[in-house]
Amino acid sequence: MTLEAPKPIIAVIGSLNYDLVSVVSRFPNPGETLTSESFSTNPGGKGANQAVAAGRIAKVSVSGLDVVMIGAVGNDGYGSELIQGLKNHGVGTKDVKMVDGGVNTGVAVIIVEKDTGENRIMIDPGANKTVVPYAIPHSAEECIPNHLFQPTTRPDLIVMQLEIPLDTVMKTIDHAATASIPVPVLLNPAPAQELPPGVYPKVELLVVNETEAAILSGVDFFPSHIDSQKEDEVVLLKAREALAWFVQRESISDHVPAIPMEKVVDTTAAGDTFVGALAVSYVAQKRQLAGYDGYREPGAVTKGATGVFSLERAVKQAVRAASWTVQRRGTWEAMPKGIPES
């Protein structure tokens, strides 16, 4: 029996920045001035990047899945360009607030090392600081809309990072967990900062790199205190590979190797592409498992299916998407349309 599916939605709550990118032969030493080899400007921000990655992948891989962005920009040229850019990539912008009063759009200054593709990023949050928590009663000054937590309008997944105020992220997670029908949350805690231990059982998927894992846990490798919660599914990203840790249902951890590449061009959007692809795979798998017609996970093999969400399969798809991205210069245009075959 197939079910009539309500509209599938991924809601990304996070930052919108405009990126100013310089490509250099090497990173400058303290106090040193270097001449860059090229300069470009691109729309970005971890929230917007993850929304665009999910939007581009979903448009090809999952029929009818909508991706919406929730955040804020300044009333300036950068803000207008960001909103139009999101629309161009199929991301809904109804809940992106344009802030007046001289507040600028968030800006990221990015330095990319030409030969390695590695980067250094400095951020001025600007309007992202105005993305304040949802509260009752909902007011015009607040950016987190009430419809995210209502049974008939809730998204399939909320995706968040930490480039907006931490209080916003924590309160959104609380509201999602305590809604009449809880809303699953994917949290990418970047840039990393210490989080309350009680937040982890409320998060469906946690995606961290090695640095973030160390900051969150206080250890050099893997956050053992998260492992002890027995509630999360955690993905740990390394510079050249992805590690998937299966914590939910006490299943064993596993390793997903990187895809060999002849040359890495730019790693700027790799992590955000990974998160977007993981979000799409999660929603597609959950819809398929729920019996909704027409929502087969991209690249899924139904023979031998376990009847439960496969984090391993989702990570493999996310690795393919991120591997595609790092072989191309730029951010949004470097992201794949659909999950690459290999």
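The structure presented is a predicted model; accordingly, all values stated were derived computationally and were not measured.

Participant: What am I meant to see in the overall build of the protein chain here?
Facilitator: Helix and strand counts for the protein chain come out as seven helices and 13 strands. In the protein chain, which comprises 342 residues, the proportion classed as buried is 52%. When contacts within the protein chain are restricted to residue pairs at least 6 apart in sequence, long-range pairs at least 24 apart make up 67% of them. Per element, the accessible surface of the protein chain, about 15100 Å² overall, is 52% carbon and sulfur.

Participant: Is there a simple way to think about the pairing of strand β1 (residues 9-13) in this case?
Facilitator: Here is the key point about a regular strand: its side chains alternate between the two faces of the sheet. With four of five residues buried, β1 lies mostly within the body of the structure. Of the pairings in the sheet, the one linking β1 to strand β4 (residues 66-74) comprises five bridges and is parallel in character. Across the sheet, the residue bridging to Ile10 is Val67, located in β4. In this sheet, strand β8 (residues 157-160) lies alongside β1 in parallel orientation, the contact comprising four bridges. The residue bridging Val12 from the neighbouring strand is Val159, located in β8.

Participant: What should I look at first to understand the packing of aromatic side chains in this one?
Facilitator: Aromatic ring pairs: the centre-centre distance and the angle between the two ring planes describe each pair. Overall, the coordinates contain one aromatic pair when judged by the stated rule. A cation over a ring is seen here: Arg120 above Phe27, with NZ or CZ 4.0 Å from the ring centre.

Participant: Can you walk me through the nonpolar core in this structure?
Facilitator: Burial of nonpolar side chains together is a common tendency in soluble globular proteins. Formed by 50 residues in total, the largest nonpolar core has its most connected members in Ile10, Leu86, Leu186 and Leu278. Not counting the four nearest positions on each side in its chain, Leu186 is found in contact with Leu157, Ile158, Val159, Met160, Leu205, Val207, Val275, Leu278 and Ala279. With 30 residues, the next largest nonpolar core counts Ala72, Ile164, Val199 and Tyr200 among its residues.

Participant: Would you mind going over helix α2 (residues 77-88) with me for this structure?
Facilitator: Turn by turn, an α-helix covers 3.6 residues, leaving residues three or four places apart pointing in a common direction. For α2, spanning 12 residues, the distance from its first C-alpha to its last is 16 Å, which sits close to the expected 16 Å at 1.5 Å a residue. Along α2, the positions that sit buried rather than exposed are Gly79, Leu82, Ile83, Gly85 and Leu86. The buried residues of α2 occupy one face: seen down the axis, they fall within an arc of 160°. Those residues of α2 that are exposed and angled more than 90 degrees off the buried face are Gly77 and Asn88. Tucked into the core, α2 has its buried residues touching β2 (17-24), β3 (38-44), α1 (46-61), β4 and β5 (91-99). For α2, the side-chain oxygen to backbone nitrogen distance between the N-cap and Tyr78 is 3.3 Å, and the N-cap itself is Asp76. Positive phi appears at Gly90, one or two residues downstream of α2, with a value of about 80°.

Participant: I'm lost on the packing of α1 against helix α6 (residues 270-289) in this one. Help?
Facilitator: It is the contact of α1 with α6, at a shortest axis distance of 8 Å, that shows an interaxial angle of 50°. As judged from the angle between their axes, α1 and α6 are oblique. When you trace α1 past α6, the crossing you get is right-handed. Across the interface between the two elements, Lys46, Asn49, Gln50, Ala53, Ala54, Ile57 and Ala58 from α1 touch Asp272, Thr273, Val275, Gly276, Ala277 and Val280 from α6. Of the residues in the contact of α1 with α6, the class split is seven nonpolar, four polar and two charged.

Participant: What is the right way to read the sheet that holds strand β7 (residues 119-124) from this model?
Facilitator: Hydrogen bonding along the main chain pairs the strands of a sheet, whether they run parallel or antiparallel. On the basis of which strands lie adjacent, the open sheet formed by four strands has the order β3-β2-β6-β7 and mixed pairing. The open sheet is flanked by β3 and β7, the only strands paired with a single partner. Averaged over all pairs of adjacent strands, the angle between strand axes in this sheet comes to 20°, irrespective of strand direction. Pairing analysis gives eight bridges linking β2 to strand β6 (residues 106-113), with the strands arranged parallel. Paired with Ser22 across the two strands is Ile111, which belongs to β6. The strands touched by α2 are β2, β3 and β6; relative to β2, the strand with the most contacts, the crossing angle is about 95°.

Participant: Looking at this structure, I do not really get the pattern of salt bridges. What am I missing?
Facilitator: Here the idea is simple: oppositely charged side chains can pair when their charged atoms come close. Tallying each qualifying case throughout the model produces 10 salt bridges. Of the charged contacts, one joins Lys316 and Glu312 as a salt bridge, the two residues approaching to 3.4 Å between their closest N and O atoms. You can see Lys316 and its partner Glu312 sitting in helix α7 (residues 311-326), four residues apart, about one turn around the helix. Residue Glu312 is classed as partly exposed on the basis of its relative accessible area of 27%.

About the thresholds
Residues numbered from 1 in each chain as written. Predicted model: local features only at pLDDT ≥ 70, side-chain atom pairs only at ≥ 80, totals over all residues. Heavy atoms only, no water. Helix = DSSP H or I, 4+ residues; strand = E, 2+ residues; numbered from the N terminus. Buried < 20%, exposed > 50% of the residue type's maximum accessible area, 1.4 Å probe, protein only. Contact = heavy atoms within 4.5 Å. Areas by Shrake-Rupley, 256 points an atom, 1.4 Å probe, with all protein chains shown as cover. Pairing = 2+ DSSP bridges. Phe/Tyr/Trp six-rings, centres within 6.5 Å; stacked < 30°, edge-to-face > 60°. Lys NZ or Arg CZ within 6 Å of the ring centre and 35° of its normal. Core = buried A, V, L, I, M, F, W, Y, C linked by side-chain atoms within 4.5 Å. Expected span 1.5 Å × (residues − 1). Arc of directions from axis to C-beta. Polar contact = N/O pair within 3.5 Å; in protein donor to acceptor, adjacent residues only side chain to side chain. Axes fitted to C-alpha atoms, helices over the stretch in contact; angles between N-to-C directions. Parallel < 35°, antiparallel > 145°, perpendicular 65-115°, else oblique. Left-handed = near helix turned anticlockwise from the far one by under 90°. Nonpolar A, V, L, I, M, F, W, Y, C, P; charged D, E, K, R; others polar. Salt bridge = Lys/Arg side-chain N within 4 Å of Asp/Glu carboxyl O.

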